[in-house]
Every structure is written in C-alpha cells, then in structure tokens.
Amino acid sequence: MSATSGPWSVALRRLRRDRVAIGAAAAIVILALAALLAPLIAPYPPNAQPDIVGMATLPPSGAHPFGTDVFSRDVLTRVMYGGRVSLGVAVLSIALSITIGTAYGAVAGYVGGATEAAMMRLIDALLAVPRVLLLLLALALWGAVGLPALILMLGLTGWFGTSRLVRERVRALSRGEFALAARALGASHARVLWRHVLPSALTPVIVAATLGIGNVVVLEASLSYLGIGVRPPNASWGNIIQEGSEQIASGWWIALFPGLAILVTVVAFNLLGDALRDALDPRK
Amino acid sequence: MRRLLAARAAQAVVVVAVVATVVFALIHLAPGDPFGAALESGRVSPEVRAEWRARYGLDRPLAEQYVRWIGSVARGDLGWSFSRNRPVAGALASALPNTLVLMGTALLLSIALGIAAAVLQAARRGSLVDRGSSALLLVFYSMPEFWLGLMLLLAFAYELPIFPVSGVVDPVMHEYMGTWGRFVDRVRHLALPALTLTLLLSAAIARHQRAALLDVARADFTRTARAKGLSPRAVLLRHALRNSLGTTITLLGLMFPALLGGAVIVETVFAWPGMGSLATSAIAQRDYPLVSATAIVGAVMTVAGSVIADVLGATADPRLRDA
Amino acid sequence: MTPDPLLDVQNLRTTFSTDAGPARAVDGVSFTVGRGETVGLVGESGCGKSVTALSILRLIDGAGRIEKDSHILLEGRDLLSLPEREMRDVRGNRVAMIWQEPLSALNPVMSVGDQIAEVARVHAHASRAEAHAKAVEMLRLVGIADPEQRANEYPHQLSGGMRQRVVIAMALVMSPALLIADEPTTALDVTIQAQILELLAEVQKRMGMSILLITHDLGVVAETASRVVVMYAGEVVEEAPVRELFADAHHPYTEGLMRAMPRVGGTETRLATIPGAVPAPTDWPHGCRFRERCPYAWELCEREHPPLYQIGAGHVSRCHLAIEPERRAHPHVPIAAATGAGAGE
C-alpha cells in the first residue's frame with residue numbers, strides 16, 4: 001500500500017469533475033504561460049521607450065491594449081514580464097517555506113516532549129509578529145536586495161504556519177499503528193519519518209501551499225508597491241502599480257491592469273486550494 | 001479564566017522578547033552601521049562617528065549590546081528618532097491613535113458586515129444569493145489592499161470627487177470648522193481607508209463565519225433545537241450563530257498581525273499619518289530606532305489583540321471560561 | 001394492534017441519495033403506538049430505527065427524503081402532509097425527542113435552564129420569567145437537586161446522567177403526547193441507565209404519554225415496553241407483545257438478538273453474536289434480507305421476499321418459517337459465517 005496513492009487518486013478524480021477547479025487551473029496555466037513565454041509573445045521589447053514625449057501615458061488602444069506608461073512603455077508587455085517576477089518569486093518562496101516548515105514541523109512532531117513544546121512556543125511567538133512589519137524591517141535594513149534575497153526573505157518568514165500543520169499530522173501519524181509497525185520491522189527513525197509519516201502528513205501542506213501562493217503574490221506586490229520589494233528596472237506587478245499610483249489621476253490603466261492580473265492569480269489559487277482541500281477531505 | 005489570562009500574559013512577554021531579539025539580530029546582521037545613513041557621509045569625521053558609536057554602545061561586545069537592548073525595550077525606552085528629531089516614543093504617541101481609529105473602525109464594521117453576510121448566506125445555502133455573494137467575497141478576499149485602496153481612490157476621490165484623497169483632516173480648512181464640521185471632516189477622511197480595510201476584512205470574516213455556521217448546522221444540538229419546534233431562523237440565530245462566534249473571535253485574534261500589516265499598507269496609500277506611514281517613512285530615511293520601535297509596537301499590539309480575542313472568546317463560550 | 005392508536009406509521013419509506021445510488025434506509029415500515037403505551041423499536045445500528053424516529057419528526061434533511069406514499073398519522077392527522085409551520089407546532093410540543101448522546105444534544109454555550117425555557121417560550125409563548133420558572137420546575141420534576149442553581153449551569157458542568165435528565169426535562173415541558181427516546185441510555189453508565197429508565201417510567205405514569213423507545217438492547221425493552229417492533233435492513237421483521245416475543249420469538253433475527261443479550265445470572269461466559277453485518281441500504285439483497293446471516297435460510301428465501309406472516313394475536317413475523325416451521329429443527333451454518341465476510345461489505 002502506498003501512503004499517498006489512495007487519497008490523491010480519489011482527489012484527482014473529484015477535481016476532474018469540479019468545473020470551478022478546472023477553470024482555476026486553466027487560469028493559472030494561462031497566466032503562467034503568458035509570463036514564461038513573454039519574450040516570445042509580448043508585443044514589444046520589455047523596456048522599450050519608443051517616444052517618451054509623444055507616446056507617454058496613452059489610454060488602452062488596439063496597439064496598446066493596456067495603454068502605455070509615463071515612459072511610453074507598453075503596459076501589457078510590462079504586465080507579462082512582471083508576471084515572470086511575481087509568479088516566480090511566489091512559487092520559489094513558497095517552495096522554500098514549505099521545505100523549512102515541513103522539516104521543522106516533522107522534527108518537532110516526531111521527537112515530541114519538551115523539545116517539541118519549546119519549538120512550538122517559538123512558532124507561536126513568530127506567528128504573532130506581523131509579517132509585513134518584519135519584512136519591512138529586514139528589507140529596510142538590507143537596503144536594495146536582489147530577487148534571490150527577496151525570495152529568501154519571503155521564504156524565511158512564511159513557514160511558521162506550515163510547520164504547525166505538519167507537526168499536528170506527524171504527531172498523530174507517528175503515534176499511529178503503521179509507524180509502529182514499521183519501527184517494529186526495524187526501520188530507523190529517519191526512515192519511518194521520511195517514508196511513512198511525511199507522505200501522509202503532506203496533504204494539508206499541499207493545500208496550504210496552494211492557498212499560500214496567492215498570499216505571497218499579494219505580499220510581494222505590497223512590498224514592491226512600498227518600494228522595497230522588487231525594484232526597477234525589474235518589473236513586478238506590485239511596482240508597476242506603484243508607478244501607476246503616481247499617475248492614478250491621469251493614467252488609471254497603469255495601476256488597473258497589473259492589479260487585475262494579481263486579482264485573477266490570487267482568486268485562481270484560492271479556488272484551486274479550496275477545491276483541493278474539499279477533494280482531499282476523506283469525510284466527503 | 002484567570003489561569004488563561006496569566007498564561008496569555010506570559011506568552012505575550014515571550015512574543016515581545018522574541019520580536020526584540022529578531023529586531024536586534026536583523027540590525028546587527030545587516031550590512032553597515034545601524035546608524036549608517038546618518039553617519040556614513042563624508043562630512044562626518046571619524047572621531048564624531050566613533051563618539052556616536054560609543055554613545056550608543058556600538059563599540060561594546062554583541063552580548064552586552066543585546067542585554068542593553070532588551071533592557072531598554074523592557075523599560076519602554078525606545079530611543080531617539082533621527083528623522084523626526086524627537087524621541088521615538090513621542091513619534092509613536094502621535095501616530096498610534098490614528099492607526100487605532102482606522103483599525104478599530106474597520107474592525108467593528110467588518111465584524112458586523114461579515115457576520116451579517118454569513119448569516120444571510122447560511123440561511124439561503126446553495127441559493128443564487130449564497131453563491132453570488134460567495135464569489136464576490138472571494139474577489140475581495142483575494143485583493144491586495146493597496147490596489148483596492150488605489151481603485152477606491154480613483155473612483156471616489158478622482159472620478160467622483162466625493163471623498164478627500166489623503167490625510168486625517170483637511171490641512172487648511174479644518175482649523176476654521178465648527179465641532180460638527182470637524183467631525184464630518186474626520187469621517188470623510190476616514191471613509192476610504194476604512195472602507196478599503198473593511199471590504200477585505202469583512203470578506204475574510206464572512207468566509208470563515210459561513211463555514212463555521214454550516215459546520216454548526218450539522219451538530220447534534222441544532223437538530224435538538226429543531227426537534228424543540230424552533231424555526232430555522234431561530235435555530236440559526238439563537239443556536240448556530242452563538243456557537244460559531246467563538247471560532248470567528250479566535251480567527252480575528254489570529255488575523256490580527258495580518259490586519260495590522262494591511263493597515264500599514266492602506267495608511268501609505270491614503271497618507272494616513274499612523275504607524276504604517278511612520279514605519280514606511282522611517283524606512284525611507286533609514287531611521288532604524290524608529291523602524292525597530294514600530295516593529296516592537298506592532299508585536300505588542302498583536303499580542304494585545306490576541307489576548308482581547310481570548311477574553312472575548314471565553315465570554316462567548318462558557319467551556320473556555322472554566323479552563 | 002391498537003384500535004385507536006396515537007401514532008400510526010403506514011408504509012414509511014425514507015430514502016437518501018448517495019454516491020452509490022439511493023439508500024432506502026427505511027423501506028416500507030408500518031407500526032402503531034397506542035395512547036399511554038410504550039413500544040420498543042429494536043434493531044442493530046444501521047437497521048433504520050433512528051431514521052424512522054427522525055422521519056416521524058420530519059427532521060430528515062439534506063440528501064434524505066420521505067417518499068410520497070408514506071403516512072404518519074398522529075392523533076389521526078397525517079404529519080407528512082402538514083405545512084412546515086404547523087409541523088413546528090408539533091415538534092417539542094405534541095411529539096418530543098430525547099437523544100442518545102446528551103452532551104452533543106445540548107447546546108454547549110447556552111445554560112441548561114435557557115434551553116429548557118426555550119421550549120415554553122416557543123410553544124406556550126411564555127414570558128422570560130414564566131419560562132424560567134417552568135425550567136426550574138421541570139428540572140425538579142426530573143429529579144435534579146437544587147434546580148434553581150443548576151438552571152444557570154452549562155452542559156459541560158453537569159454529569160452524564162444529569163445531562164440526560166436535562167434532555168428529558170426539555171422534552172417534557174409541553175407534556176407531549178408522544179415521547180421518542182432514541183437509545184436514551186446507551187451513552188450512560190450502567191447504574192445511571194437504570195435510573196434514567198426508572199425516571200421515564202415514572203414521568204410516563206404521571207403524565208400519561210406514549211413512549212417510542214428505540215434501542216439495540218432487548219434488555220431495556222424487556223423492562224419498559226409492552227410491545228416490541230423489531231427492525232432489520234429498513235423493514236419491520238417481527239412485532240409482538242413483549243412477553244410473547246421473549247417467550248416465543250419467531251424471526252431468526254430476533255432469536256439472534258436474544259442470544260446476544262446478556263442475562264442477569266446467566267451462565268454463558270461468551271455472548272453469541274449474529275455472523276456478518278447489516279447489508280448496505282443502497283443494495284438490499286433480493287428475497288429475504290436476513291438470508292445470508294440466517295441459519296435456516298433455504299432456496300425460497302432467496303427467491304421470494306417474505307411478507308409479514310401472522311403468527312399469533314398481535315404477533316407478526318417476516319419469515320418464511322411461518323409456512324415451513326419444521327425447518328427450524330435443522331439449522332445450518334449461515335452463508336455470512338461460512339464465507340467469513342460481512343454480507344454488506
């Protein structure tokens with residue numbers, strides 16, 4: 001019996017029947033493709049400023065469906081390139097968060113006792129810190145950081161919740177019968193944890209990660225909007241909106257379209273996450 | 001109840017200590033002096049810089065600096081703000097009330113709105129109203145707060161100039177208004193930032209509350225209530241709602257950090273002179289004492305929020321009262 | 001059968017739609033409860049007895065549905081044709097229910113006094129003070145000491161037996177004509193069980209209501225009921241006066257239940273169990289539904305669904321043994337025991 005095939009194959013069958021989930025997944029695929037293929041399919045070069053006087057801040061038109069910005073750059077092109085950064089940062093930092101969170105939670109849940117209590121107290125404390133303030137402080141202290149450092153910071157501040165989820169599952173499972181059976185057969189602690197406990201504990205983590213991507217997209221956008229996340233000349237949805245906010249009265253489209261891109265992304269990930277959770281729910 | 005409060009107070013101390021430690025670590029891990037911006041200019045002579053470093057204990061061993069830092073946080077001594085040229089505590093004192101007004105307004109409105117929406121949805125579960133409003137709530141729930149703020153600003157301050165663009169009061173006319181006029185002026189300035197936060201927060205509350213109500217609707221005691229001959233409305237309002245409020249209050253406690261983070265960003269959009277604006281401008285000016293102080297005050301507010309949530313939760317649920 | 005019954009359930013069919021197709025949880029059940037009478041409704045879990053109870057109160061919701069040709073007559077009035085608003089006047093007023101698990105049946109965040117008072121508020125339109133006084137009176141009636149104090153307490157502060165007394169008090173506020181008790185003692189300690197049954201008998205004597213006692217425990221029925229209806233796989237399989245049933249059970253399922261019943265002073269060290277399990281309600285077997293677990297089953301049982309045969313006065317049984325009684329002398333190993341698998345799995 002494989003520990004994961006059961007719930008996952010059932011979930012997949014349920015998801016295939018769930019029209020909302022399919023729509024959400026399709027939206028994500030389209031957004032991801034638009035971002036990945038931006039160099040091939042974007043209508044203009046990413047930072048082209050064809051005519052900074054005559055073509056600045058033009059409203060949406062056939063040639064520029066999302067209009068142009070104050071430097072005469074095509075907003076659609078910038079939103080596509082911005083998607084590469086926004087989605088890439090979100091996916092990588094979530095990957096980092098769930099790796100750290102899973103490792104930490106698994107160890108805490110498996111060792112138990114006072115070590116576990118101390119580890120989880122620390123998590124309680126860290127969860128009580130407003131993440132935005134922590135990131136503000138860190139990013140302010142470090143000054144201009146590159147994308148890798150930004151991903152690192154987002155990842156390092158995003159794993160507390162995951163570790164809690166994993167700890168709960170591992171606690172329940174590692175005291176469970178099949179873990180005992182594996183131990184009785186002479187498997188080492190690490191092996192029991194890695195081969196038997198973790199695969200079953202990961203279900204809620206996958207759901208949380210899916211829901212979390214939306215959160216990180218918003219968080220990165222907020223930081224970029226505040227001028228301390230992704231910085232120009234790199235475009236991200238957040239810093240395009242930041243530039244648009246300065247033109248809000250004369251060029252609403254600059255802030256509107258990247259915002260809609262964020263909105264569609266986050267809604268899609270939230271819907272997919274909800275659908276995944278329902279599909280994986282053994283009670284249904 | 002008393003035991004609960006004692007435990008929470010102890011936890012609060014731990015949280016603030018952890019935050020103070022993290023802040024200290026960040027400052028000392030960061031490249032350059034904590035006073036980099038103020039001192040790293042060519043006009044400041046090395047002697048002056050050394051004097052400053054000595055005055056702030058930066059030439060001491062790290063452990064000693066840490067102990068002093070924790071001690072000063074414990075005493076509530078938050079240092080001197082270079083950018084404002086006044087004590088950090090003073091700068092905080094003038095910003096905090098504005099943040100509290102904004103957050104308090106948004107919190108009260110969204111609890112009322114969120115719960116009302118959820119009750120309506122649960123009462124008509126599966127109907128067009130339920131599904132339509134769920135979709136709408138999801139959209140608001142998924143919005144970045146700064147973008148929603150910008151869009152509201154665009155709609156109701158620029159296109160339809162109903163509300164002012166920024167600030168707490170009209171910078172020129174407020175002085176000349178009567179009491180009522182001043183009140184209206186404040187409300188008009190509060191409207192858009194509070195609306196931004198309220199829309200987002202009430203969406204989160206409604207989503208959670210709806211799920212909680214539907215959960216309770218499956219509980220045995222709601223069946224008992226129906227077997228007593230209560231109408232669906234009475235079952236929902238008198239039994240289900242009251243039972244599900246506890247989890248919503250807990251959620252609010254857990255959401256408090258996110259709410260504070262949201263307030264920080266919304267304040268920036270509307271130039272609302274609260275903690276968020278203070279923090280972002282302190283960052284822009286690399287005013288580290290002020291930045292660290294806002295982080296610590298944020299942590300204290302978070303802890304206070306979760307303690308309040310616990311106390312309210314215990315009031316709503318007698319089982320917690322005896323815990 | 002009673003001439004002018006208080007409750008007359010006729011051909012009750014309650015179906016749930018599930019992923020595996022419609023589940024006929026209650027499939028053509030008929031029985032009556034006379035005025036002032038206690039009827040035991042007996043069967044294993046999954047046989048449909050609780051769904052029958054919920055159907056009488058029309059508390060089947062979501063995926064469940066009571067079929068059109070069912071009738072539930074209370075004092076001659078068909079509850080199934082009442083508008084929902086009138087049905088609410090019946091619930092908690094003419095028909096009240098007590099539950100298996102008193103802790104989960106009570107609202108954890110409402111004082112027990114308020115929960116009892118609520119019934120008087122709804123049905124008697126009592127004022128707050130009147131309703132509270134009524135609650136205290138009911139708590140005293142069900143034998144709770146210091147009722148004024150207890151009325152202000154919450155369910156988690158009471159013992160299991162006291163909670164069940166509260167549930168009973170709540171059910172008795174309006175002096176209902178019919179009290180449905182769904183496994184009222186199952187969740188309680190043995191010593192408390194007897195007290196609760198005693199209390200039910202006592203309030204019945206005082207208020208004269210009828211009781212439909214749902215249980216899997218024939219011992220409970222023996223002590224309290226005058227007539228027993230045995231259910232299996234969504235159907236009534238046997239009905240008889242209690243003495244006759246214990247003296248002369250006809251249906252092999254009833255026999256099995258009797259053998260599974262612990263006897264006071266009994267010498268058996270191990271209780272007999274019925275092999276196999278109740279089949280799934282989405283897939284009742286053809287012919288006799290008990291066939292695979294039955295030690296007497298023969299070819300007729302597979303071919304023909306048995307009707308309710310008249311065995312004696314007020315005694316019916318859904319078993320073909322009624323026409324070939326000599327087969328009772330030659331039991332065999334049931335299919336379910338021989339294959340070692342539960343029939344419904």
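Being a predicted model, the structure only gives us computed values, none of them experimental.

Criteria and cut-off values
Residues numbered from 1 in each chain as written. Chains lettered and ligands numbered in written order. Predicted model: local features only at pLDDT ≥ 70, side-chain atom pairs only at ≥ 80, totals over all residues. Heavy atoms only, no water. Helix = DSSP H or I, 4+ residues; strand = E, 2+ residues; numbered from the N terminus. Rg over C-alpha atoms; globule rule 2.2 N^0.38 Å. Contact = heavy atoms within 4.5 Å. Areas by Shrake-Rupley, 256 points an atom, 1.4 Å probe, with all protein chains shown as cover. Lys, Arg positive; Asp, Glu negative; His and termini not counted. Charge placed at Lys NZ, Arg CZ, Asp CG, Glu CD. Buried area = accessible area lost by both parts, 1.4 Å probe. Salt bridge = Lys/Arg side-chain N within 4 Å of Asp/Glu carboxyl O. Polar contact = N/O pair within 3.5 Å; in protein donor to acceptor, adjacent residues only side chain to side chain. Nonpolar A, V, L, I, M, F, W, Y, C, P; charged D, E, K, R; others polar. Axes fitted to C-alpha atoms, helices over the stretch in contact; angles between N-to-C directions. Parallel < 35°, antiparallel > 145°, perpendicular 65-115°, else oblique. Left-handed = near helix turned anticlockwise from the far one by under 90°. Pairing = 2+ DSSP bridges. Buried < 20%, exposed > 50% of the residue type's maximum accessible area, 1.4 Å probe, protein only. Patch = residues over 30% accessible without salt bridge, like charges linked within 9 Å, V, L, I, M, F, W, Y side chains within 5 Å. Disulfide = S-S within 2.5 Å.

Counting secondary structure elements, chain C contains 13 helices and 13 strands. In terms of C-alpha radius of gyration, chain C reaches 21 Å, essentially the compact-globule figure of 20 Å for 345 residues. In chain C, the share of contacts with a sequence separation of at least 24, taken over all contacts with a separation of at least 6, comes to 66%. Carbon and sulfur atoms make up 51% of the accessible area of chain C, which amounts to about 14900 Å² in all. With 33 positive and 44 negative side-chain charges, chain C shows a spacing of 3 Å between the two charge centroids.

Facing 40 residues of chain A, the contacting portion of chain B comprises 43 residues. For the pair chain A and chain B, the two sides together bury roughly 3600 Å², of which 83% comes from carbon and sulfur. Taken together, chain A and chain B are joined by one salt bridge. Residue aspartate 274 of chain A pairs with arginine 207 of chain B through a salt bridge whose shortest N-O separation is 3.1 Å. The interface formed by chain A and chain B holds three residue pairs in polar contact (both at pLDDT 80 or more) in total. Of all the elements in the fold, those that place two or more residues in the side of chain A that touches chain B are α5 (113-127), α6 (131-142), α10 (189-225), α11 (237-246) and α12 (252-280) of chain A. When residues in the side of chain A that touches chain B are grouped by element, the largest group, 12 residues, is from α12 of chain A. Residue classes in the side of chain A that touches chain B are distributed as 33 nonpolar, five polar and two charged.

Between chain B and chain C, the residue contacts involve 21 residues of the former and 25 residues of the latter. If you sort the residues of chain B by the area they bury against chain C, Arg226, Ala227 and Lys228 of chain B come out on top, with a joint share of 27%. Across the chain B-chain C interface, the total number found is two salt bridges. Salt-bridge contacts for lysine 228 of chain B lead to glutamate 118 of chain C; the nearest nitrogen and oxygen are separated by 2.9 Å. Across the contact surface, chain B and chain C share 12 residue pairs in polar contact (both at pLDDT 80 or more). The set of elements that each furnish at least two residues to the side of chain B that touches chain C consists of α9 (220-227), α10 (232-269) and α13 (318-321) of chain B. Here the element with the most residues in the side of chain B that touches chain C is α9 of chain B; it accounts for six residues.

All names here are of chain A. Running from amino to carboxyl end, helix α4 (residues 75-111) crosses α12 at an angle of 40°, the nearest separation of the two axes being 10 Å. One way to sum up the angle between α4 and α12 is to call them oblique. The crossing of α4 and α12 is right-handed. Two secondary-structure elements touch here, α4 through Val75, Val79 and Leu87 and α12 through Trp253, Ile254, Phe257, Pro258, Ala261 and Thr265.

This next bit is on the sheet that holds strand β8 (residues 178-182) of chain C. Residues and elements named next belong to chain C. The eight strands are arranged β7-β8-β9-β3-β10-β11-β13-β12 in an open sheet whose pairing can be described as mixed. Edge strands, defined here as strands with exactly one partner in the open sheet, are β7 (95-98) and β12 (309-312). Neighbour-to-neighbour, the strand axes of this sheet turn through a mean angle of 20°, independent of strand direction. As defined by bridge partners, strand β10 (residues 227-232) adjoins strand β11 (residues 235-241) across six bridges and the pair is classed as antiparallel. Looking across to β11, one finds that arginine 227 is bridged to proline 241. Against the sheet, helix α1 (residues 49-56) makes contact with β3 (38-42), β7, β8, β9 (210-215) and β10, and its axis sits at roughly 145° relative to β9, the strand it touches most.

Turning our eyes to something else, we now look at the pairing of β10 of chain C. All names here are of chain C. Burial within β10 is extensive, with six of its six residues counted as buried. Alternating positions in β10 separate into two faces, Arg227, Val229 and Met231 on one and Val228, Val230 and Tyr232 on the other, with burial throughout. Where β3 and β10 come together, four bridges link them in parallel fashion. Residue valine 39 lies in a different strand from β10, and its bridge partner there is arginine 227. Counted between consecutive antiparallel strands, the loop separating β10 from β11 contains two residues, among which alanine 233 sits at a positive phi close to 50°.

Residues and elements named next belong to chain C. At a closest axis distance of 9 Å, the pairing of helix α5 (residues 128-141) and helix α7 (residues 160-172) adopts a crossing angle of 125°. Classed by the angle they form, the pair α5 and α7 counts as oblique. For the crossing formed where α5 meets α7, the hand is right-handed. Of α7, the residues touching α5 (which contributes Met138, Leu139 and Leu141) are Val166, Ala169 and Leu172. Here the residues of the contact of α5 with α7 sort into six nonpolar, no polar and no charged.

Our next topic: a nonpolar patch on the surface. Residue and element names in this part refer to chain A. Where nonpolar side chains cluster on the molecular surface, the patch consists of Val29, Leu33, Leu36, Leu37, Leu40 and Ile41 and spans about 590 Å² of accessible area. Every element with two or more residues in the nonpolar patch is listed here: α2 (19-36) and α3 (38-41). For the nonpolar patch, the element with the highest residue contribution is α2, accounting for three residues. Within the secondary structure, leucine 36 is located in helix α2.

Turning our attention to the environment of valine 297 of chain B. All names here are of chain B. Relative to the helices and strands, valine 297 is located in helix α12 (residues 288-316). With relative accessibility at 14%, the residue valine 297 sits in the buried group. Between the alpha carbons of valine 297 and leucine 245 there is a distance of 28 Å; along the sequence they are 52 residues apart. In this structure valine 297 touches Leu92, Leu96 and Met275, once residues within four positions along its chain are discounted.

Attention now moves to the environment of valine 242 of chain C. Residues and elements named next belong to chain C. By the element assignment, valine 242 lies in helix α10 (residues 242-247). Residue valine 242 is classed as buried on the basis of its relative accessible area of 13%. When the C-alpha positions of valine 242 and aspartate 189 are compared, they lie 25 Å apart, and in sequence the two are 53 residues distant. For valine 242, the contacting residues outside a window of four places in its chain are Val221, Ala222, Ala225, Ser226, Arg227 and Val228.

This part covers the state of the cysteines. Residues and elements named next belong to chain C. Following the criterion strictly, the structure yields zero disulfides over all chains and no others. Of the cysteine sulfurs around cysteine 288, a residue in no disulfide, the closest is that of cysteine 301, at 5.8 Å. Here cysteine 319 stays free of any disulfide, with the sulfur of cysteine 294 as its closest cysteine sulfur at 6.0 Å.

Moving on, we come to α9 of chain B. Within α9 of chain B, the full set of buried residues consists of Phe221, Thr222, Thr224, Ala225 and Ala227 of chain B. Contacts from the buried residues of α9 of chain B go to α8 (179-217) and α10 of chain B together with β7, α3 (102-105) and α7 of chain C. Just past α9 of chain B, the residue glycine 229 of chain B takes up positive phi, approximately 95°.

Right, let's get into the arrangement of the chains. In this assembly, two pairs of chains are in contact, and the pair with the greatest number of contacts comprises chains A and B. There is no contact between chain A and chain C; across them, the least C-alpha separation is 10 Å.

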